[in-house]
Amino acid sequence: MEKKAANKYNDPSYFRGQVETYLTNILHTDLKNATPANMYQAIAQLINRELGEMRLAYNDKRKSVQKSTDKTKKVYYICMEFLMGQSLKNNLYNLGQQAMAEDLLREIHMDPQVLYDQEPDAGLGNGGLGRLAACFMDALTTQGYDATGYSLCYEYGLFRQKIVDGWQVEFPDNWLPGGRVWLNPREEDTFEVNFYGDYHEYWENGQLKYTLTDPQTVEAVPYDLFISGSGTTAVNKLRLWSARSSGSFDMNAFNSGDFTKAAQRTNSAEMITKVLYPADNIPEGKELRLKQQYLMVSASCQNIVRDQLHLYGTLDNFHKKTAIHINDTHPALVVPELMRIFMDDYGMGWEKAWEIVSNTVSYTNHTVLAEALEKWNSSLVQSMMPRIYGILQEIDRRFRIQAFSRFPGDSGKVDYMAVLQDREVRMANLSVIGSHKVNGVSKLHSQILKDDVFHDFYLATPEKFTNVTNGIAYRRWLCQANPELASLLDDCIGSAYRLDSSQLKLFAAYRSDVGVQEEVEKIKRNNKVRLSNFIGQQWGSAPDPDSIFIVQAKRLHEYKRQLLNVLRIISRYQAIKADPNIDMRPETYIFGAKAAPSYYHAKFIIQLINKLADEINSDPAVSDKLRVVFLENYSVSIAEKLMPATEVSEQISLAGKEASGTGNMKMMINGGITIGTLDGANVEIREAVGPDNIFIFGMTADEVRDCLHRGYDSSKIYSSDPVLKAAVDSLDRGFGGVSFSNIKEYLLKPTYSIADPYMCLMDFKDYCRAHDELAAAYEDRQRWNSMSIENIAYADRFSADRSIRNYADMIWDTRPVLPNPSMK
Ligand code: 26Q
């Protein structure tokens, strides 16, 4: 059931005619001879054109609404990452043209999925943060908010992962050849961004002035990607900046005869947007990364100010008509950059500029890991962006005066909260100081921000702090990725849930309906068969669809504790070896994980998983009971095949460390049952489904704090649990011919002051207990299927539509400019 928008593209003969014209005129082929790649190209360019026409019509509409009311704002969502994945199927679905397009494909005997898989993922992000941004663009557009995303047009997205002899090897992700069809260049909206230069401040008539000479100017050229929504004519855009050397900057060196220098400068300017930094939750303090951030920030701010002036001719109402959201601290330079533009380019005084800026900007924190809080060396910032650094000094000076009056005599506290301290620029403090709202991404995480990370700020300005629990674009993750389940839902509860996620709850009424339970089980099995076939085609050995599919798919990070999962798999392996006739349902453990290329420990864990998989899968004594699959190059498009086939969702981070998680929501809405700790959004998943429909184990965040306080002795736990001890000891001999003594050492031997800071061993026993209970529940098929039904139903609250309404109501104070006619 798709919603129809009224336009000529909905007419099958027009659609077909346009595809044929492109095939003949541009690709010099025809429907009979077209390859899947030809068809992808032809349909994608047509849909892009359609979206362009819709955008044009929508522009007039949204601008006139914006001018006629003070209740709506333009929302700018700024993020270094947008992990968009593929666009064609999503756009066809949203426009209500999927069935029409697929009919045409069937006519020429082409499998739609083969066509969709021609499209490379736009992998312009690392993981959770970037995928959240992508899900949010969908929710903003579907609900008719006037929103633009800003990011960078990386020539290479997140690396492609290959596993060679168990080890992760990275290859460049050259996505543009196939991805370019969605990028609309807007040469005329190019902005210049200045780096370096000689900066001098001086006083004149009681005013601080400055000169900046000989900066290196880089051009930011925008490429717009249209964002469709479901059941709406609204079209928003994601604007991606690409760095280009500015002519003048080259010509200076060129004219003075230094051709090599000119060429080098061109080169170094264009390096800025060459590649996405592949680090997730570990900041890399590299100069190039900072340049990326400032390029994105400066071009976006200039663009935002220009749009505002075009529409209103004044900056006075800026914060009343504009909301700028910074997604984590990576775009935090928005604060000094807007100050710079207001003061230097438009002559505004500090107080007024600060009032406007701090009432425009809001900030979402995505991590509490101390090592992931972004800090930059002051001298680097000062030399690269001298004017911005001058403004940061003034922000810091004024903040310190204020903070002293709030915490008199407590200079330690003030230093801790300041922007500039210990020769570093602290981006998180800057973000809090420069924003009117700060939010975490789950209830627990937002509480930890108030209690811990930003406690002093919370004491000073409690009203700034709020929570918006993450959500997912469920039309992608359920309706498109799992069409069979979506159509079962249509049959049971009607199709209104496709635009109003709260309706999903109605499905809970079917928890005891045996017919529906059986349907849910059948659909899950079909999805498992599809995944199994895919795995077989890609890597040669297909897992048994009658085994239970247990999935942990996320970036590889110590705090996410893939090792805890591995230790338990080893103990299962040992149990089967010890008792070959053990009565058990076959188990398939599926992993997907990329490690940051420089994160060696994480890469060893990937090797351990792969070598363990080699050994188990080739051991005839166990391979019909136990199988381990490592999905190479885990990505959005692989996730779309994985989520619908997941039966058990592993969400086992050390409590207090995973800000929210969103894979947990994707598995839940596809009927997967969570085994997890009380961390991030798992807490709210339990609240939603009730304790009987989830398997919780391990320490709570408070217990973790106490445990660390008392001192954690992993060797004591190791010696007292023979099952655990045997699993850990097996690391010495290793698997597949490779010893993993280094990992055993990590688990047992304190480096710095603690062994295994994420305390895998501490939660091992309770984890095994929870898995045993889960296995028993799985054998009661009715119980399991009813759990599955309740998980699907109560995933309604994890819709990105709901998240975005929370942001709009509590943070941005805005409303849709074009309310979706089909939404209540
Ligand atoms: C920073 C500076 C330099 C280089 C890289 C970085 C960097 C890049 C990416 C730092 C952090 C990230 C990514 C963080 C992230 O993905 N956090 C996740 O955000 C999700 C959405 O809110 C949450 O669900 C996850 O719990 C959280 O880990």
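It should be noted that the structure appears before, not after, this text.
Just so you know, these numbers come straight off a predicted model, no measurement behind them.

What counts, and at which threshold
- Residues numbered from 1 in each chain as written.
- Predicted model: local features only at pLDDT ≥ 70, side-chain atom pairs only at ≥ 80, totals over all residues.
- Heavy atoms only, no water.
- Helix = DSSP H or I, 4+ residues; strand = E, 2+ residues; numbered from the N terminus.
- Rg over C-alpha atoms; globule rule 2.2 N^0.38 Å.
- Buried < 20%, exposed > 50% of the residue type's maximum accessible area, 1.4 Å probe, protein only.
- Areas by Shrake-Rupley, 256 points an atom, 1.4 Å probe, with all protein chains shown as cover.
- Lys, Arg positive; Asp, Glu negative; His and termini not counted.
- Charge placed at Lys NZ, Arg CZ, Asp CG, Glu CD.
- Phe/Tyr/Trp six-rings, centres within 6.5 Å; stacked < 30°, edge-to-face > 60°.
- Lys NZ or Arg CZ within 6 Å of the ring centre and 35° of its normal.
- Near = heavy atom within 4 Å.
- Polar contact = N/O pair within 3.5 Å; in protein donor to acceptor, adjacent residues only side chain to side chain.
- Core = buried A, V, L, I, M, F, W, Y, C linked by side-chain atoms within 4.5 Å.
- Contact = heavy atoms within 4.5 Å.
- Salt bridge = Lys/Arg side-chain N within 4 Å of Asp/Glu carboxyl O.
- Pairing = 2+ DSSP bridges.

S.K.: Any chance you could explain the overall build of the protein here in plain terms?
M.R.: What the protein contains, in helices and strands, is 34 helices and 25 strands. The C-alpha atoms of the protein give a radius of gyration of 27 Å, which matches the 28 Å a tight globule of 824 residues would have. Each of the three principal axes of the protein carries a C-alpha extent, and together these read 90 × 70 × 55 Å. Residue burial in the protein is summarised as follows: out of 824 residues, 61% are buried. For the protein, the accessible surface area stands at approximately 30600 Å², while carbon and sulfur atoms represent 50% of it. Across the protein, the mean location of the 92 positive side-chain charges is 2 Å away from that of the 105 negative side-chain charges.

S.K.: How do you make sense of the packing of aromatic side chains when you look at a structure like this?
M.R.: One pair of aromatic rings is described through two measures. These are the centre distance and the angle between the planes. Within this structure, the stated rule accounts for 23 aromatic pairs. Each ring, one from Phe136 and one from Tyr807, has its centre 5.5 Å from the other, and the planes form 65°; the classification is edge-to-face. Highlighted residues: Phe136 in helix H6 (residues 128-142) and Tyr807 in helix H34 (residues 800-812), separated in sequence by 671 residues. Each of the two residues, Phe136 as well as Tyr807, counts as buried. Relative to Tyr767, the ring of Phe697 lies with its centre 4.8 Å away and its plane at 40°, an arrangement referred to as tilted. Placement of the pair is Phe697 in the loop between strand E25 (695-696) and helix H28 (701-710) and Tyr767 in helix H32 (residues 760-779), with a sequence separation of 70 residues. Both residues of the pair, Phe697 and Tyr767, count as buried. Through a chain of ring-to-ring contacts, the aromatic side chains of Tyr363, Phe399, Phe454, Phe457, Tyr458 and Phe465 assemble into a single cluster. A cation over a ring is seen here: Lys162 above Phe171, with NZ or CZ 4.9 Å from the ring centre. Over the ring of Trp477 we find Lys666, and its NZ or CZ is 4.6 Å from the ring centre.

S.K.: Would you explain the site of the ligand in this entry?
M.R.: Neighbouring residues of the ligand: 21 residues in total, closest His366, Asn470, Glu658, Ser660 and Gly661. Measuring from an oxygen atom of the ligand, one finds a side-chain N or O atom of Tyr559 at 3.2 Å. Here an oxygen atom of the ligand and a side-chain polar atom of Glu658 are 2.6 Å apart. Protein contacts shield 97% of the accessible area of the ligand, which totals 620 Å² for the unbound molecule. Counting residues per element, the shell around the ligand draws most heavily on H6, at three residues.

S.K.: Explain the nonpolar core here, please?
M.R.: Residues Val19, Met39, Ile43, Leu338, Phe342, Phe507 and Trp812 are the most contacted members of the largest nonpolar core, which totals 198 residues. Leave out the neighbours within four places in its chain, and Ile43 touches Phe15, Val19, Leu88, Leu92, Leu105 and Leu115. Grouped together as the second largest cluster of nonpolar side chains are 73 residues, Ala372, Ile569, Phe735 and Cys768 included.

S.K.: It is not clear to me how the environment of Lys577 should be interpreted in this structure. Could you clarify?
M.R.: When you line up the elements, Lys577 lands in helix H23 (residues 562-578). In this structure the C-alpha to C-alpha distance between Lys577 and Asn377, which are 200 residues apart in sequence, comes to 54 Å. Setting aside anything within four residues of it in sequence, one finds Lys577 in contact with Asp619, Ala621 and Val622. Among the polar contacts listed, one links the side chain of Lys577 to the side chain of Asp619, at a separation of 2.5 Å.

S.K.: What am I meant to see in the pattern of salt bridges here?
M.R.: A pair can form between side chains of opposite charge whenever their charged atoms are brought close. Per the stated rule, a full pass over the model turns up 53 salt bridges. Residue Lys209 is joined to Glu204 by a salt bridge in which the shortest nitrogen-to-oxygen separation is 3.2 Å. Overall, Lys209 belongs to the partly exposed group, its relative accessible area being 28%. Judged by its relative accessible area of 35%, Glu204 is partly exposed.

S.K.: I tried to follow the sheet that holds strand E16 (residues 420-421) on my own but got confused; where do I start?
M.R.: Pairing between the strands of a sheet comes from backbone hydrogen bonds, and it takes one of two forms, parallel or antiparallel. Strand order in this open sheet of three strands is E15-E17-E16, and the pairing throughout is antiparallel. What marks the edges here is a single partner per strand, and that holds for strand E15 (375-377) and E16. Where E15 and strand E17 (residues 424-426) come together, three bridges link them in antiparallel fashion. By the bridge assignment for E17, Trp376 is matched with Val425.

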